[in-house]
Amino acid sequence: MPTPAKGPRLGGGAAHERLMLANLSAALFEHKRITTTLTKAKRLSPYAERLVTFAKRGDLSSRRRVLGLISDKGIVHELFTDIAKAVENRDGGYTRITKIGNRKGDNAPMAVIELVLEPLSPKQAVVKEATTAAATAAPAEEAAVEEAPVVETPAEEASEAPAEEAPVVEAPVVEAPADETK
């Protein structure tokens, strides 16, 4: 067995790992959730997310790239129609890995990897709207402050003092009437 170019590979050679990841991703897209070892799930996650990103583009070139990796046209069609539409508002994080314990036979750590097809939570949508609203409101507030006219009070007009020694004008203190209900 030849030594891999970059670190250890799943199953031996680089070609075998590519085929294994393609088969795992096809099973993931078909069933939306698969159970595998933790190591395979961690290797599969970026691979599958990249394929979902191609599916979100939706053009012919992306479809051909995915068809070069997954040979089943039905699964690729499902990826480009159903899965891509379900995650169109999500910027990333299309997969979720959950550890489920060890396998009985060889004590290998197992995990469930699944597609995250739920819509974004309302809290995340509100936070996103608030940040965009704050970003658009900040320039509008700065413009309003610059455009606000300066109104001179009669006390400022009457004072003939130099600018360095501007008089301090105190506002009259108004006391609130005491509550006399007993």
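Notes on the structure in this doc start here. Since the model is a prediction, treat every value here as computed from it, not as a measurement.

### Regarding helix α2 (residues 38–57)
Then, in step 1: In this model α2 runs 29 Å from its N-terminal to its C-terminal C-alpha over 20 residues, within 8% of the 28 Å that 1.5 Å per residue would give.
Then, in step 2: Helix geometry: α2 is bent most strongly at L44, by close to 30°, with proline P46 lying one to four residues after it.
Then, in step 3: Buried within α2 are the following residues: L38, A41, L44, S45, Y47, A48, E49, L51, V52, F54 and A55.
Then, in step 4: Check the buried side of α2 and you find it contacts α1 (14–31), β1 (33–37), α3 (60–69), α4 (73–86), β2 (95–102) and β3 (109–115).
Then, in step 5: Once α2 finishes, G58 follows within two positions and takes phi at roughly 80°, a positive value.

### What about the nonpolar core?
Burial of nonpolar side chains together is a common tendency in soluble globular proteins.
Then, in step 1: In this structure, L28, F29, L44, L51, V66, I70 and L79 are the most contacted members of the largest nonpolar core, which totals 31 residues.
Then, in step 2: Mapped by element, the contributors of at least two residues to this core are α1, α2, α4 and β3.
Then, in step 3: No other element matches the 9 residues that α2 contributes to this core.
Then, in step 4: Residue contacts for L44: discarding those within four places in its chain leaves L21, L24, S25, L28, I34 and I113.

### Considerations on the packing of α3 against α4
Then, in step 1: Interhelical geometry of α3 versus α4 gives an angle of 140° and a closest axis separation of 10 Å. Between α3 and α4, the crossing angle belongs to the class labelled oblique. Crossing of α3 over α4 shows right-handed handedness. Taken together, the residues of α4 that come into contact with α3 (itself represented by S62, R63, V66 and L67) are K73, V76, H77, L79 and F80.
Then, in step 2: Of the residues assigned to the contact of α3 with α4, the class counts are 5 nonpolar, 2 polar and 2 charged.

### Comments concerning the pairing of β2
Then, in step 1: Where β2 and β3 come together, 7 bridges link them in antiparallel fashion. Counted as the bridge partner of I97 is I113 from β3.
Then, in step 2: In textbook terms, the turn of a hairpin is the stretch between consecutive antiparallel strands, and for β2 and β3 this stretch comprises 6 residues, one of which, N107, has a positive phi near 60°.

### A few points about the sheet that holds β3
Then, in step 1: One open sheet accounts for 3 strands, arranged β1-β3-β2; its pairing is antiparallel. Sheet topology places β1 and β2 at the edges, where each strand pairs with a single neighbour. When the angles between neighbouring strand axes are averaged without regard to direction, this sheet yields 25°.

### Description of the side chain of S45
Then, in step 1: Topologically, S45 is positioned in helix α2.
Then, in step 2: Contact partners of S45, with chain neighbours within four places excluded, come to T95, I97 and I113.

### Some details on the layout of surface pockets
Then, in step 1: Quantified by volume, the largest pocket comes out at close to 210 Å³.
Then, in step 2: Around the largest pocket, the lining residues are R9, A14, E17, R18, L19, L21, A22, Y47, G68 and L69.
Then, in step 3: Secondary structure elements with two or more residues in the lining of the largest pocket: α1 and α3.
Then, in step 4: Of all the elements, α1 adds the most residues to the lining of the largest pocket, at 6 residues.
Then, in step 5: Its residues assigned to classes, the lining of the largest pocket shows 6 nonpolar, 1 polar and 3 charged.

### Thoughts on the packing of aromatic side chains
Then, in step 1: A complete count under the given rule lists 0 aromatic pairs for this structure.
Then, in step 2: Sitting above the plane of the F80 ring, R63 keeps its charged end 4.5 Å from the centroid.

Cut-offs used in this document
Residues numbered from 1 in each chain as written. Predicted model: local features only at pLDDT ≥ 70, side-chain atom pairs only at ≥ 80, totals over all residues. Heavy atoms only, no water. Helix = DSSP H or I, 4+ residues; strand = E, 2+ residues; numbered from the N terminus. Expected span 1.5 Å × (residues − 1). Bend = angle between axes of the 7 residues up to and from the residue. Buried < 20%, exposed > 50% of the residue type's maximum accessible area, 1.4 Å probe, protein only. Contact = heavy atoms within 4.5 Å. Core = buried A, V, L, I, M, F, W, Y, C linked by side-chain atoms within 4.5 Å. Axes fitted to C-alpha atoms, helices over the stretch in contact; angles between N-to-C directions. Parallel < 35°, antiparallel > 145°, perpendicular 65-115°, else oblique. Left-handed = near helix turned anticlockwise from the far one by under 90°. Nonpolar A, V, L, I, M, F, W, Y, C, P; charged D, E, K, R; others polar. Pairing = 2+ DSSP bridges. 1 Å grid on protein atoms, 1.4 Å probe; cavity = no way out; pocket = protein on both sides within 12 Å on 5 of 7 lines; lining within 4 Å. Points joined across faces, edges and corners; volume = space filled by probe spheres on them. Phe/Tyr/Trp six-rings, centres within 6.5 Å; stacked < 30°, edge-to-face > 60°. Lys NZ or Arg CZ within 6 Å of the ring centre and 35° of its normal.

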